[in-house]
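Topology and contacts: notes
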Amino acid sequence: MANIPSPSAISWRIHKPELIVPQNKTPKEILHLSDIDDQGSMHVQIPIIMYYKYNSSMKEKDPAMIIKDGLSKTLVFYYPVAGRLVEGSNRKLMVNCNGEGVLFVEADANVELEKLGDSIKPPCAYLDLLLHNVPGSDGIIGCPLMLVQVTRFSCGGFAVGFRCNHTMMDAYGLKMFLCALNELIEGASAPSILPVWQRHLLSARSSPRITCTHHEFDEEIESKIAWESMEDKLIQKSFFFGKKEMEAIKNQVSPNCESTKFELLMAFLWKCRTIALGLHPEEVVRLTYFINIRGKSLELELPPGYYGNAFITPAVVSTAGLLYSNSLTYAVELVKNLKNYLNEEYIRSLTDFIVIKGRPELTKSWNFMISDNRFGGFDECDFGWGKPIFGGVAKAISFFSFGVAGKNDKGEKGVLIAISLPPLAMKIFEEVVNKMTMRNVEEINIISKI
């Protein structure tokens, strides 16, 4: 592979940020977030970046101008996104729909997109430049709820990044927003699916009551402190799992243990990560999985246009020693149990738990959180330039990893997972992964510190 230029070796021109407001007048009102939106762990910004090759049919078109114009149209329908969060009684977050707008940044990079190679994939080495952190913009209260940056490359290609306040929407909700943006850019007068607020559907009951166990919030002070002491030392690497790698992993599981491919991959990563951390056999470890609750034949049915956070976060629990000593089948069987939590009572208990416990964060106590974003649609949004060469979440966030659709250098499809670990643990993790997949796992990225 050709040498990848470092960020400092590229000449970047960041234009003055501006606010994009809705094209037409929108309602001025205060809207409450749901209690799923308003849990502590959602108070983060999620970075998504998509990359587009030069398209000769769009030669005279400026992607920055086209996307900027599309945003002003899209915000008419998604007008809460142009507002600002405010805090009410009991720290309840609400959206002040004041139409102040989303932040937009235009940039130019004196480099050809092709020269960046695999470094555009998570963990993206150029993230801080492709999503410029405008001073004062990355807070939760009173800050823009979305930042959008279009970066033009010298070859005519470009990148478009979206940094979204997670309290407003999940990956599916952002996909809806991007689909609407795409449709309006292409000339539609309105999105094919109109957005719906209705956040009360995922708010606590009038008499909140916890009726289920929620291991995802179990906090053990010593292990939490141990993880937090590592957080400023974490490095990231991305790993590609295609057909060959998944077959190698599946061969380690009992033939009568049936699972989905992603359940199998989660169990494998959990086991490898636990080994890499070198925990005492009696330490309790957790795997937390974000499960989308849309379209799951539940009594609680969300409307098609619901773009808020709509997921549950059940966790499975084991001692580190049992993960070490048992075959991979043990971990897979635990992970398979996660789908059993997908019922209305668990959802109601979760929203009530969040309110009763004061909007806690998901546990950091040797917890590995993972979200399956392979079907987020970020690799399909074209804005008129054709599908992106890559689109997805730009990095892992502490103990939270995202699975995104990707390809290896042979063009084979698979899943990319960025993992965050301390340096020594990362070295061990790579060794364990290679050993358990018969050295078939292809490393995608060089180490990128966060």
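Above this note sits the structure.
Attention in this report is confined to the structure presented alongside it. The numbering scheme is per chain: residues are counted from 1 as the chain's sequence reads. Only residues with pLDDT of 70 or above have their local features reported here, since the model is predicted, and side-chain atom pairs are shown and tallied only from 80 upward, although totals for entire chains, interfaces and linings are computed over all residues. To get the side-chain values, all heavy atoms of the structure are used, and hydrogens and water are removed first.

A 1.4 Å probe that fits but cannot get out identifies a cavity on a 1 Å grid over protein atoms alone, an open set with protein on both sides within 12 Å along at least five of seven lines counts as a pocket, and a residue lines either if it has an atom within 4 Å of a point. Grid points are joined across faces, edges and corners, and a volume is the space filled by probe spheres set on the points. What the second largest pocket holds in volume is close to 790 Å³. What lines the second largest pocket is a set of 36 residues, and nearest its centre among them are Phe 290, Ile 291, Asn 292, Ser 371 and Asp 372. Charged residues are taken to be Asp, Glu, Lys and Arg, nonpolar residues to be Ala, Val, Leu, Ile, Met, Phe, Trp, Tyr, Cys and Pro, and polar residues to be all remaining types, Gly included. Partitioned by chemical class, the residues of the lining of the second largest pocket number 21 nonpolar, seven polar and eight charged.

This part covers empty space enclosed by the protein. A full pass over the atoms with the stated rule returns one cavity of 30 Å³ or more. Quantified by volume, the largest cavity comes out at close to 40 Å³. Considering the residues around the largest cavity, the lining is formed by Asn 373, Arg 374, Gly 376, Gly 377, Phe 378, Asp 379, Gly 391, Gly 392, Val 404 and Ala 405. For the lining of the largest cavity, the secondary structure elements donating two or more residues are strand 15 (390-393) and strand 16 (400-407). Looking at the lining of the largest cavity, its residues break down into three nonpolar, five polar and two charged. Think of it this way: any DSSP run of H or I at least four residues long counts as a helix, any run of E at least two long counts as a strand, and we number them from the N terminus.

A pair of strands is treated as paired once DSSP finds two or more bridges between them. Spatially, the three strands line up as an open sheet ordered 3-6-5, and their pairing is antiparallel. A single partner strand is all that each edge strand has here, and the edge strands are strand 3 (30-32) and strand 5 (84-87). On average, each strand axis in the sheet is tilted by 35° relative to the strand beside it, whichever way the strands run. For helices, the fitted axis covers only the stretch in contact; all axes are lines through C-alpha atoms, and the angles between them, taken along N-to-C directions, range from 0 to 180 degrees.

Here the focus is the environment of Glu 87. When you line up the elements, Glu 87 lands in strand 5. On a C-alpha basis, the gap between Glu 87 and Leu 298 in space is 32 Å, while along the polypeptide they are 211 residues apart. Sequence-distant contacts of Glu 87, defined by excluding residues within four places in its chain, comprise Lys 92, Leu 93, Met 94 and Ile 141. In what follows, residue pairs with any heavy atoms lying within 4.5 Å of each other are defined as contacts.

What follows deals with the pattern of salt bridges. A carboxyl oxygen of Asp or Glu within 4 Å of a side-chain nitrogen of Lys or Arg is what we treat as a salt bridge. The final tally for this structure, using the stated rule, is 25 salt bridges. Among the ionic pairs, Asp 108 bridges to Arg 152, the shortest N-O distance being 2.8 Å. On the criterion of sequence distance, the pair formed by Asp 108 in strand 7 (residues 102-109) and Arg 152 in strand 8 (residues 146-153) is long-range, its members being 44 residues apart. Asp 108 gets classed as partly exposed once you look at its relative accessible area, which sits at 23%. Any residue under 20% of the maximum accessible area for its type is buried, any over 50% is exposed, and the rest in between are partly exposed; the area is computed with a 1.4 Å probe on protein chains only. Overall, Arg 152 belongs to the buried group, its relative accessible area being 17%.

On to the side chain of Asp 38. Mapped onto the fold, Asp 38 is located in the loop between strand 3 and strand 4 (45-52). In this structure Asp 38 comes out as buried when scored by relative accessible area, which is 0%. In this structure the side chain of Asp 38 is engaged in a polar contact, spanning 3.4 Å, whose partner is the side chain of His 43. Sequence-distant contacts of Asp 38, defined by excluding residues within four places in its chain, comprise His 43, Arg 91, Lys 92, Leu 93 and Arg 359. Residues adjacent in sequence count toward polar contacts only when both atoms are side-chain atoms; beyond that, a polar contact is any pair of N or O atoms within 3.5 Å, and within protein one must be able to donate a hydrogen and the other to accept it.

The description of two packed helices rests on the angle between their axes and on the distance between the axes. Direction vectors running N to C along helix 6 (residues 261-277) and helix 8 (residues 328-336) enclose 125°, while the axes themselves pass 8 Å from each other. Judged by the inter-axis angle, helix 6 sits oblique to helix 8. Here the hand of the crossing between helix 6 and helix 8 comes out right-handed. Along its contact with helix 6, which presents Glu 263, Leu 264, Met 266, Ala 267, Phe 268, Trp 270 and Lys 271, the element helix 8 presents Leu 328, Ala 331, Val 332, Leu 334, Val 335 and Lys 336. For the contact of helix 6 with helix 8, the per-class residue count stands at 10 nonpolar, no polar and three charged. With respect to orientation, any angle under 35 degrees is reported as roughly parallel, any angle over 145 as roughly antiparallel, any angle of 65 to 115 as roughly perpendicular, and every other angle as oblique. If you view the pair so one helix is near and one far, a crossing is left-handed when the near helix is turned anticlockwise from the far one by less than a right angle, and right-handed when it is turned clockwise.

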